[in-house]
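Below are the chains, spelled out letter by letter.
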Amino acid sequence: MSRSVLSLRLPVYLQTKLIQNGYHTVADFDESPLAEDLSHFLTQSEVRSLASAAQAQPPAHSAWFIRQQARTRSYFSTRLRQLDALLGGGGIPLGCLTEVVGEAGGGQTELCLRLCLAARLPAAQGGLGIDSVYIDTVGSFSYCGAVQAAHRLCTSQPERLTDENGPELSSSLVTSLLDGIHVFRVYAAHELMALLYSFDQIASHIAQVGLVVVNTISWPFLASFTGNIARRQVLHAELAHLLSQIASKHKVAIVLVSQAKSAFGRSNTPSSSSMDGDVWTRVAANRMSLQRRPDGGFKIALTASTMHPSGEAFINDI
Amino acid sequence: LASELKDDDIWISTGDREIDKCLGGGIRLGSMVEVVGESASGKTQLCIQLAISAQLPEAYGGLDGEVIYISTEGPFPVNRLGSMVYPLVHRVCGEDYANSVDPSDFMQRIQVAEFESMETMFHAFDYKVPALLSTGNVRLMIVDSIAAHLRFNTSDEDIGQSPMTFYKERSDSLVSMGAKFKRWANEYNCAFVFINQVTDVFTGGHEDGTRSVGYTSRPDLSLPGHGNSNDSDSSTELLSSTADMSTEFAALVTRKKAPALGAVWSNIIDTRIMMYQRRGLAQSEFRLASEAQGDSTDQATIEPPSHLLRTRRWIENAFSPWAPSAQCEVVLDESGFQHISHVNV
């Protein structure tokens, strides 16, 4: 009994292509005379990934092995004492997903910039010297915002991160911090998916990438499939799976900002649940919610985590 | 690379440096900005000011660009526009330049479209607006207001609709409009400004004092970003010019108003500018007035006599990805809005 095409670890669109062309099981295309037929509707790289997927067995690891992996996991500090404390003292873990649920104007962009910059800091200051990929789906990224975030990061530390003694950040320091952020602007869901499916290529071009931030993950699906919740959810599930794979394969931290759900009719309740439901939480190691407070600070809460107990903290400035 | 995007930070000045600073530089190209406030708070006036300012040469904070003005609430205030051109240009660029330009040039570079219904407006968004934008000269598009046709169910055949269906359809319309605008903002290198109305909110606040931005009543609100933080942001310098602002603002927003169109819309915009006004008196003005009368009682506990009250206005940057929250007190005159600062005696 040959394996069904649907059971292979392949992108859904590839499975669809195979089935549409009459290939339902692995036996259908393993035979060499048929192999040339595949190149009629598949690219070279798709044929290669097909071959490797057909031979791969789903991995099973011992719990011990997984614990060893967890022990060797890298973290980078967010440089916000309370946030690091919420996350168990280490900061943001690489190789895992973190979801941040936020509302309009809640400070998500500031947090994303802060994480990109903090990850870039050298190890002596709690960072990992890694580059970040900032996927902007809503138009939130701006150079001036990033510069301000860099200033806030450097001037809020007990030990000065500036290289002169004055409060002025040297522009070369700012540039070197910002040079680690690679910004990708996407508008629609299919663009986001295509970008993430080609992450292998991105990772080979950007040598030191260690952090991927998606701000926001909810908007492109909402915009591309307005009113079609069912379709959105199907794609969400596929993307969640893809993101898990990217995180563990490339040992990158993936931070997803999702839009908070607004309770219809009760406009006062701050929501820490995402409009996407729990699709990201299911694959995320940590889920946080971020809210701006009326007196100017922020409330950040760890609402769900596989690694730490829940908690919340109040921060003055991100 | 982030540092390569430095040149993407292009701003349209409001015509006043302090207001620009409050907003992070003015109105940023490629952004979706909302201007919200109660009736007669000056939203249209601010947009007219922006429409003129965007046309000025770059040396004066403009972008030498054209403007699209979509008007949905009543006739376009063309007389106000006409009367603002010379005073504003005079204030921003000086007398010589103001005398050298013809106000009708400014009026010609603003394309006005008036829509009485939602359907005609959406049709224009699909056809007419992209056509205008594709000339490449438009730097600013103003929609006055986005709320007018979307707040209530005005078409006859939908009267029997349930509220849920109405809100759902509205959300869908807002989302698809928002997605279109975001693309255009980037593709055609222009800024979008939307005027929104406020709606009443009847429910109470949260126990822990947090709020959903712009979407709840705020009975215990003190100034955002004010006072207790130790950071040296320029925004707190802006605020601390008068210590009296916190109590006045808190009283202002207890009137429980929130921007219309809900959270869906709040998530589509990048920046929210709120406009407030209130009858009152700055502490410094009251102090001066009471000293003049030889009255040395504590001003903090005494309500100023009503004949001294005047209408005070503020422009607030409620949230923005590229600037911290800040407020700026302003006055409105024939040249539009400009900032006002009270000297502490």
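Residues numbered from 1 in each chain as written. Chains lettered and ligands numbered in written order. Predicted model: local features only at pLDDT ≥ 70, side-chain atom pairs only at ≥ 80, totals over all residues. Heavy atoms only, no water.

Residue and element names in this part refer to chain A. Under the defined criterion, the tally for this structure stands at 14 salt bridges over all chains. Across the pair Arg120 and Asp131 runs a salt bridge whose closest N-O atoms are separated by 2.8 Å. In this pair, Arg120 sits in helix H7 (residues 108-120) while Asp131 sits in strand E4 (residues 131-136), placing the two residues 11 residues apart along the sequence. Of the residues examined, Arg120 reaches a relative accessible area of 23% and is grouped as partly exposed. (Salt bridge = Lys/Arg side-chain N within 4 Å of Asp/Glu carboxyl O. Helix = DSSP H or I, 4+ residues; strand = E, 2+ residues; numbered from the N terminus. Buried < 20%, exposed > 50% of the residue type's maximum accessible area, 1.4 Å probe, protein only.)

We now examine the confidence of the model for chain B. Residues and elements named next belong to chain B. Mean pLDDT over chain B stands at 76; residues scoring 70 or higher make up 73%. Across chain B, strand E7 (residues 191-196) holds the top mean pLDDT of 94, while helix H9 (residues 234-239) sits lowest at 29. Between residues 203-252, whose pLDDT stays under 50, and residues either more than four places distant or in other chains, the model counts 124 contacts. Confidence metrics for the complex model read pTM 0.78 and ipTM 0.74. (pLDDT = per-residue confidence, 0-100. Contact = heavy atoms within 4.5 Å.)

This part takes up the sheet that holds strand E7 (residues 253-259) of chain A. Residues and elements named next belong to chain A. As summarised here, the arrangement of the 8 strands in space is E5-E4-E6-E7-E3-E8-E9-E10, forming an open sheet in which the pairing is mixed. A single partner strand is all that each edge strand has here, and the edge strands are strand E5 (181-185) and strand E10 (311-315). Each adjacent strand pair in this sheet contributes to an overall mean axis angle of 20°, direction not counted. Here H7 sits on the sheet and contacts strand E3 (97-102), E4, E5, strand E6 (209-215), E7, strand E8 (286-292) and strand E9 (298-305); the angle it forms with E6, its principal contact strand, is near 175°. Sheet strands in contact with helix H10 (residues 189-197) are E4, E5 and E6, and its direction is about 160° off that of E4. (Pairing = 2+ DSSP bridges. Axes fitted to C-alpha atoms, helices over the stretch in contact; angles between N-to-C directions.)

A separate point is the packing of H10 of chain A against helix H13 (residues 229-250) of chain A. Residues and elements named next belong to chain A. Two numbers describe how H10 lies on H13: the axes approach to 11 Å, and their chain directions differ by 25°. On the basis of the axis angle, H10 is roughly parallel to H13. When you trace H10 past H13, the crossing you get is left-handed. From H10, Leu192, Met193, Leu196 and Tyr197 reach across to H13, where they touch Leu235, Glu238, Leu239, Leu242, Leu243 and Ile246. The residue inventory of the contact of H10 with H13, partitioned by class, reads 9 nonpolar, no polar and 1 charged. (Parallel < 35°, antiparallel > 145°, perpendicular 65-115°, else oblique. Left-handed = near helix turned anticlockwise from the far one by under 90°. Nonpolar A, V, L, I, M, F, W, Y, C, P; charged D, E, K, R; others polar.)

Among the nonpolar cores identified, the biggest contains 44 residues, and Phe76, Leu83, Leu211 and Ile300 of chain A are the most heavily contacted of them. Broken down by element, this core gets its largest block of residues, 8 residues, from H7 of chain A. Residues within four places of Ile300 of chain A in sequence aside, it is in contact with Leu83, Leu86, Leu111, Met288, Ser289, Leu290, Gly311, Glu312, Ala313 and Ile315 of chain A. The next biggest cluster of nonpolar side chains, apart from the first, holds 43 residues, and it includes Ala104 of chain A together with Ile68, Val143 and Phe181 of chain B. (Core = buried A, V, L, I, M, F, W, Y, C linked by side-chain atoms within 4.5 Å.)

Let us look at helix H1 (residues 12-20) of chain A. All names here are of chain A. All buried positions along H1 are accounted for by Leu14, Gln15 and Leu18. Axial view of H1: buried residues confined to an arc of 100°, hence all on one face. Positive phi shows up at Gly22, right after H1, with a value of about 95°. (Arc of directions from axis to C-beta.)

The next point concerns the pairing of E10 of chain A. Residue and element names in this part refer to chain A. Two strands pair when backbone bridges link them, and E9 and E10 are joined in this way by 5 bridges, in the antiparallel orientation. Bridging from a neighbouring strand, Lys299 pairs with Phe314 of E10. Between E9 and E10, which pair antiparallel and follow one another directly, the connecting turn spans 5 residues.

Take the sheet that holds strand E3 (residues 32-37) of chain B next. Residue and element names in this part refer to chain B. Here we have 9 strands laid out as an open sheet, ordered E5-E4-E6-E7-E3-E10-E11-E12-E13, and mixed in their pairing. Looking at strand neighbours, the two that pair on one side only are strand E5 (110-114) and strand E13 (336-339), the edges of this open sheet. For this sheet, the mean inter-axis angle between neighbouring strands, taken without regard to orientation, is 25°. When strand E10 (residues 271-280) meets strand E11 (residues 310-319), the two strands line up antiparallel, connected through 9 bridges. For Met275, the partnering residue across the bridge sits in E11 and is Ile315. In the packing of helix H2 (residues 43-53) onto the sheet, the strands contacted are E3, strand E4 (66-71), E5, strand E6 (138-144), E7, E10, E11, strand E12 (326-333) and E13, and the crossing angle to E7 comes to about 165°.

Bringing the packing of aromatic side chains into the picture now. Evaluated as defined, the whole model comprises 10 aromatic pairs over all chains. Ring centres 6.4 Å apart and planes at 50° place the aromatic pair Phe122 of chain B and Phe125 of chain B in the tilted group. Here Phe122 of chain B and its partner Phe125 of chain B are both found in helix H6 (residues 118-126), 3 residues apart, which amounts to about one turn of the helix. Accessibility classification places Phe122 of chain B together with Phe125 of chain B in one group, the buried group. Judged by centre distance (6.2 Å) and plane angle (10°), the rings of Phe192 of chain B and Phe194 of chain B are stacked. For the pair Phe192 of chain B and Phe194 of chain B, one class covers both residues: buried. Its guanidinium or amino end placed over the ring of Trp322 of chain B, Arg28 of chain B lies 4.5 Å from that ring's centre, counting from NZ or CZ. Between Lys182 of chain B and the ring centre of Trp219 of chain A, over which it is positioned, the NZ or CZ distance is 5.4 Å. (Phe/Tyr/Trp six-rings, centres within 6.5 Å; stacked < 30°, edge-to-face > 60°. Lys NZ or Arg CZ within 6 Å of the ring centre and 35° of its normal.)

Moving on to the confidence of the model for chain A. All names here are of chain A. On average, residues of chain A score 82 in pLDDT, and 90% of them are at 70 or above. Within the model, the stretch residues 162-167 combines pLDDT values under 50 with 7 contacts to residues more than four positions away or in other chains. Contacts from residues 265-269, a stretch scored under 50 in pLDDT, to residues over four places away or in other chains number 12 contacts.

Right, let's get into the pairing of E3 of chain B. Residues and elements named next belong to chain B. A large share of E3 lies buried, amounting to 6 of its 6 residues. Burial along E3 is two-sided: the residues Met32, Glu34 and Val36 and Val33, Val35 and Gly37 are all buried. Of the pairings in the sheet, the one linking E3 to E7 comprises 5 bridges and is parallel in character. Its bridge partner lying in E7, Met32 is registered against Phe192. Alignment of E3 against E10, held across 5 bridges, turns out to be parallel. Bridge pairing links Glu34 to Arg272 in E10.

Residue and element names in this part refer to chain A. Packing of H1 against helix H4 (residues 44-55) brings their axes to within 12 Å, and their N-to-C directions diverge by 90°. Here H4 runs roughly perpendicular to H1, going by the angle between their axes. In contact with Tyr13, Leu14, Lys17 and Leu18 of H1, H4 contributes Glu46, Ser49 and Leu50.

Let us now look at unusual backbone geometry. Look at the link from Asn215 of chain A to Thr216 of chain A: it is a cis peptide, with omega at 0°. A cis amide bond links Asp144 of chain B with the next residue in sequence, Ser145 of chain B, at an omega value of 0°. With respect to the secondary-structure elements, Ser145 of chain B resides in the loop between E6 and helix H8 (163-187). A positive phi is found at Ala40 of chain B, a non-glycine position, where the angle reads about 65°. Looking at the secondary structure, you find Ala40 of chain B in the loop between E3 and H2. For Asp64 of chain B, which is not glycine, the phi dihedral falls at a positive 50°. Mapped onto the elements of the fold, Asp64 of chain B is located in the loop between H2 and E4.

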